[in-house]
Amino acid sequence: MTYSGAVKVGGPADVHELQDLMISKVAVGPMDNNAYLLRCRATDEQLLIDAAAEAPTLLRLIGADGIGSVVTTHRHGDHWQALAEVVAATGARTYAGRDDAEGIPVETQVPVADGDTIAFGHITLTARHLVGHTPGSIALVYDDPHGHPHVFTGDCLFPGGVGNTHKDPEAFARLIDDVETKIFGTLPDETWVYPGHGNDTSLGAERPHLQEWRARGW
């Protein structure tokens, strides 16, 4: 089956099969959050990005092999509603952006800063600290040695724009600066983007609109 990245709450996961990594995307909860289960194909070790909601759904997706790690992209409550239950069931180690950890009611065992890496099996993710949507949001970059990069952007980048900065011009300026510098400025157009809600996109699809986003202010 060809991966589309189009999922809906109550529906099945969509699986993106890369040479070294399997990415299972599922939609959960009343705010239609995306959660991503990453599986190293060489070792079967797994990592979850955003235990957003519906712990039973996430635990079924994780399966009997469990997870070693769970990363929370940012402090907003719709991204960690199932975190406590998932951690209790799996014993997973918790990661989150250093400047958002205090806003997450489950202990962050590993606070993450810009450029830090998170490894599981033979897979390495690189964190990018993006300020504006929250103080400590992080995106996670997988630089596929066999193809183009993949980036999990939380609520900082979506098809059609950056994340919500609640009409705060300073926060918007900081977020679009960080996204343009640390994401668009370092990754190619082919980079696949996995956002915290909704459909996937690519940097190539969004790059032509950066100045338009700046001009409109959101």
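A brief structural summary. (Residues numbered from 1 in each chain as written. Predicted model: local features only at pLDDT ≥ 70, side-chain atom pairs only at ≥ 80, totals over all residues. Heavy atoms only, no water.)

## Digging into the pattern of salt bridges
Two side chains of opposite charge can pair, provided their charged atoms sit close to one another. Taken as a whole, this structure holds 13 salt bridges when the rule is applied. Residue Glu-17 is joined to Arg-41 by a salt bridge in which the shortest nitrogen-to-oxygen separation is 3.5 Å. Residue Glu-17 is found in strand β1 (residues 14-17), and its partner Arg-41 is found in the loop between β3 (33-40) and β4 (46-49); the two are separated by 24 residues along the sequence. Assessed through its relative accessible area of 52%, Glu-17 is described here as exposed. Notably, a salt bridge pairs Asp-200 with Lys-25, separated by 2.6 Å at the nearest N-O pair. (Salt bridge = Lys/Arg side-chain N within 4 Å of Asp/Glu carboxyl O. Helix = DSSP H or I, 4+ residues; strand = E, 2+ residues; numbered from the N terminus. Buried < 20%, exposed > 50% of the residue type's maximum accessible area, 1.4 Å probe, protein only.)

## Concerning the packing of aromatic side chains
Under the definition given, this model contains 7 aromatic pairs. Here the aromatic rings of Phe-152 and Tyr-194 are separated by 4.5 Å at their centres, their planes lie at 15°, and the arrangement is stacked. Remark: Tyr-194 occurs in strand β14 (residues 192-195) and Phe-152 occurs in strand β11 (residues 150-154); sequence separation between them is 42 residues. Judged by its relative accessible area of 1%, Phe-152 falls in the buried class. Here the aromatic cluster, defined as three or more aromatic residues joined through ring pairs, consists of Tyr-3, Tyr-36, Phe-152, Trp-192 and Tyr-194. Above the plane of the ring of Trp-218 lies Arg-216, whose end atom (NZ or CZ) is 3.7 Å from the centre. (Phe/Tyr/Trp six-rings, centres within 6.5 Å; stacked < 30°, edge-to-face > 60°. Lys NZ or Arg CZ within 6 Å of the ring centre and 35° of its normal.)

## Points about the side chain of Gln-46
Here Gln-46 shows up in strand β4. Residue classification places Gln-46 among the buried residues on the basis of a relative accessible area of 4%. A polar atom in the side chain of Gln-46 sits 2.8 Å from the side chain of Arg-39. A polar side-chain atom of Gln-46 sits 3.0 Å from the main-chain carbonyl oxygen of Ile-62. Those residues in contact with Gln-46 that lie beyond four places of it in its chain are Leu-37, Leu-38, Arg-39, Ile-62, Asp-65, Gly-66, Ile-67, Gly-68, Ser-69 and Phe-120. (Polar contact = N/O pair within 3.5 Å; in protein donor to acceptor, adjacent residues only side chain to side chain. Contact = heavy atoms within 4.5 Å.)

## Thoughts on the sheet that holds strand β9 (residues 123-130)
One open sheet holds the 6 strands; their spatial order is β8-β9-β10-β11-β14-β15, and the pairing between them is mixed. The open sheet is flanked by β8 (117-120) and β15 (201-202), the only strands paired with a single partner. In this sheet, β15 lies alongside β14 in antiparallel orientation, the contact comprising 2 bridges. From the neighbouring strand, Val-193 faces β15, where its bridge partner is Thr-201. Where helix α3 (residues 169-184) meets the sheet, its contacts fall on β9, β10 (137-142) and β11, and the angle it forms with β9 comes to roughly 150°. (Pairing = 2+ DSSP bridges. Axes fitted to C-alpha atoms, helices over the stretch in contact; angles between N-to-C directions.)

## So, α3
Within the sequence span of α3, burial applies to Ala-171, Phe-172, Leu-175, Ile-176, Asp-178, Val-179, Ile-183 and Phe-184. Projected onto a plane normal to the axis of α3, the buried residues spread over an arc of 160° and lie on a single side. Facing away from the buried surface of α3 by more than 90 degrees, the exposed residues are Pro-169, Glu-170 and Thr-181. Backbone nitrogen of Glu-170 and a side-chain oxygen of the N-cap are separated by 3.0 Å at the start of α3; the cap is Asp-168. (Arc of directions from axis to C-beta.)

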